[in-house]
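Per-entry structural report
Residue strings, one per chain:
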There are 2 protein chains.
Amino acid sequence: MAEKTFLANKLKSAGLRMTPQRKLILSILDETSDHLDAEEVYRRAKKLNSKLNIATVYRTLNVLKEMDLIEQRYFARDHGVEYYETVTKGEHYHFTCLGCRKIIEVETPKIKQVQAEFAALTGAQFTHACVCFEGYCADCVDSEESFTL
Amino acid sequence: MAEKTFLANKLKSAGLRMTPQRKLILSILDETSDHLDAEEVYRRAKKLNSKLNIATVYRTLNVLKEMDLIEQRYFARDHGVEYYETVTKGEHYHFTCLGCRKIIEVETPKIKQVQAEFAALTGAQFTHACVCFEGYCADCVDSEESFTL
DNA sequence: ATATTAATTGCAATCCATTCGCAATAAGTG
DNA sequence: CACTTATTGCGAATGGATTGCAATTAATAT
Ligand SMILES: [Mn+2]
Ligand SMILES: [Mn+2]
Ligand SMILES: [Zn+2]
Ligand SMILES: [Zn+2]
C-alpha cells in the first residue's frame, strides 16, 4: 500500500497530480527489463488506454525522469532516439551490438571512479554521465569470423 | 608538402575526390581546439567560401568522420546536436558544465580498462564508446554556493 | 457531495537538426 | 581536351520531440 502511494506522494511534493496515464506509463517501465523508446511505451500503454496520446507519453516520460523514477539512455552511435528504463536496477552502463542490436548491461565501478578522481582534481560536481559502448558481441564476432575465413 | 596531400590521398584510396569544400572544412576543425557543431563549421567556412551550402557541411563531416580524420561527440544530457573535433588530440572524454556551458576534457585510462575487462569477460569487440559527463565546474559550484548561503 | 481552480490531457501544428533527390557543376583520368 | 562520375547547391523532406490551446479532470476547499 505504500507502493500504491509512492508515485502519488512524489508527484504531490512536486506540485503535480496523480493521473491514470502517469500510473500506467510508469507501470509499463516497472514491469519490463527492456529499454523502451517513447513509441514502444506508447504502443504498450495504448493497449490498456486506447485514447492515450503520444504527446502525453513524452510529457510523462519527462516528468518521471525529472523525479528520478526512470533513467533516460542513449544507445549506439546514433543517438537519435531516447530510451528509458526504471532506476530500480543498480548503476550500470550499456553495450550495443551492431550485429544483432542486442543490448548488454555492463556493471563496473570504474566510471564512478573517473568521476571521483576528476572531482577531487578540479572541484567539479557531477550530476550525470552518459556512457554507451558499441561493437560486436561474442556471437556476432564468431559469425563474422566464419564469413571472412 | 606531405601535409598538402594527406587528405587527398586518404580520399583517393576511398574512391573519393579532393574538393575545396572538403579541404576548407577539415582545415577549420584542424585549426581550432573547440568542439564545433555543423552550424558553427558552416558559419566559419562560409566566410571563406560564401556559396558553401550547409548540406555540403553535413556531408563532408560524415565523410571526414568515416575516414577517421575527425571525431563526432555528444555533450551534456541533451544529445540533440552533434559536435566535431579533430582526432589529433589523444583519447579523451568530456565534462560539460551546466552552469557556464564550458567543456572540460578528461583524460583517463579507465574507460579503455572497462572495455578491456568486458571484452575479456564476454568476447565482445568494441568499436566505439560515447562517454559524456555533466555537472558543475568548480567556478560554478562556488558561485552556486554563495547564492544558496 | 459540490463547487472551484489549476494541472493535465488530446489533438494538431510546429520545431529543428539532419538527410535526401536531383539537376548542374567540377574533379580526376587518359 | 573529352569523358566519366563524384560532388555540389538548392529545396524539399524526414522524424523524433515539443508546444499552443481548448476541453477535461484531479485535488482542494466549501
Ligand atoms: Mn539498462
Ligand atoms: Mn575534445
Ligand atoms: Zn550481436
Ligand atoms: Zn561552469
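Residues numbered from 1 in each chain as written. Chains lettered and ligands numbered in written order. Predicted model: local features only at pLDDT ≥ 70, side-chain atom pairs only at ≥ 80, totals over all residues. Heavy atoms only, no water.

1. What to know about the protein's contact with DNA strand D
- The environment of DNA strand D is formed by 22 residues, the closest being A:Tyr58, B:Arg17, B:Arg22, B:Thr56 and B:Arg59.
- Those atoms of DNA strand D that come within 4 Å of the protein belong to sugar or phosphate at a rate of 69%.
- Contacts to DNA strand D include A:Tyr58, whose side-chain N or O atom sits 2.7 Å from a phosphate oxygen.
- Here A:Glu82 contributes a backbone N or O atom positioned 3.0 Å from a phosphate oxygen of DNA strand D.
- Only α4 (54–66) of chain A together with α2 (20–30) and α4 (54–66) of chain B provide two or more residues apiece to the surface near DNA strand D.
- A per-element tally of the surface near DNA strand D places α4(A) first, with four residues.
- Per-class residue counts for the surface near DNA strand D are eight nonpolar, six polar and eight charged. (Near = heavy atom within 4 Å. Polar contact = N/O pair within 3.5 Å; in protein donor to acceptor, adjacent residues only side chain to side chain. Helix = DSSP H or I, 4+ residues; strand = E, 2+ residues; numbered from the N terminus. Nonpolar A, V, L, I, M, F, W, Y, C, P; charged D, E, K, R; others polar.)

2. Quick notes on the coordination of the zinc ion (ligand 3)
All names here are of chain A.
- Around the zinc ion (ligand 3), the protein contributes the donor atoms Cys97 (SG), Cys100 (SG), Cys137 (SG) and Cys140 (SG), at 2.1 to 2.4 Å from the metal centre.
- Donor residues binding the zinc ion (ligand 3) come from one chain and are separated in sequence as C-x2-C-x36-C-x2-C. Of this pair, Cys100 sits in the loop between β4 (93–97) and β5 (103–106) while Cys137 is found in the loop between β6 (125–136) and α6 (138–148), placing the two residues 37 residues apart along the sequence.
- Assessed through its relative accessible area of 37%, Cys100 is described here as partly exposed.
- On the basis of relative accessibility, which here comes to 3%, the residue Cys137 falls in the buried class. (Donors = N, O, S within 2.8 Å, 3.2 Å for Na, K, Ca; no water. Buried < 20%, exposed > 50% of the residue type's maximum accessible area, 1.4 Å probe, protein only.)

3. Some details on the nonpolar core
- If you look at the biggest cluster of nonpolar residues, it comprises 26 residues, and the most contacted ones within it are A:Phe95, A:Val131, A:Phe133, B:Phe95 and B:Phe133.
- Elements supplying a minimum of two residues to this core: β4, α5 (110–122) and β6 of chain A together with β4 (93–97), α5 (110–122) and β6 (125–136) of chain B.
- Residues contacting A:Phe133, with those up to four places away along its chain left out, are A:His94, A:Phe95, A:Thr96, B:Ile111, B:Val114, B:Gln115, B:Phe126, B:His128 and B:Ala129. (Core = buried A, V, L, I, M, F, W, Y, C linked by side-chain atoms within 4.5 Å. Contact = heavy atoms within 4.5 Å.)

4. A word on the relation of the copies chain B and chain A
- With an RMSD of 0.1 Å, chain B superimposes on chain A once it is rotated by 179° and translated 0.0 Å along the axis. Accordingly, the operation relating the two chain copies is best matched by a two-fold axis. Ranked by how close their C-alpha atoms come to the rotation axis, the residues of chain B are headed by B:Val131, at 2.2 Å.
- In this assembly the copies share their binding face: 100% of the residues contributing to the interface of chain B also contribute to that of chain A. (Least-squares fit on C-alpha atoms with pLDDT ≥ 70 in both.)

5. Concerning the state of the cysteines
Residues and elements named next belong to chain A.
- What the rule picks out here adds up to zero disulfides over all chains.
- Cys132 supplies the cysteine sulfur nearest to Cys130, a cysteine that is in no disulfide, at a spacing of 3.9 Å.
- Taking the relative accessible area as the measure of exposure, Cys130 reaches 8% and is therefore buried. (Disulfide = S-S within 2.5 Å.)

6. With respect to the packing of helix α3 (residues 38–46) of chain A against α4(A)
Residue and element names in this part refer to chain A.
- Contact pair α3 / α4: the axes reach a minimum separation of 9 Å and the direction vectors enclose 120°. Like other packed secondary-structure pairs, α3 and α4 cross with a definite hand, here right-handed. Packed against α3, whose contacting residues are Ala38, Glu39, Val41 and Tyr42, the element α4 presents Ile54, Val57, Tyr58 and Leu61 at the interface.
- Grouping the amino acids of the contact of α3 with α4 by side-chain chemistry returns seven nonpolar, no polar and one charged. (Axes fitted to C-alpha atoms, helices over the stretch in contact; angles between N-to-C directions. Left-handed = near helix turned anticlockwise from the far one by under 90°.)

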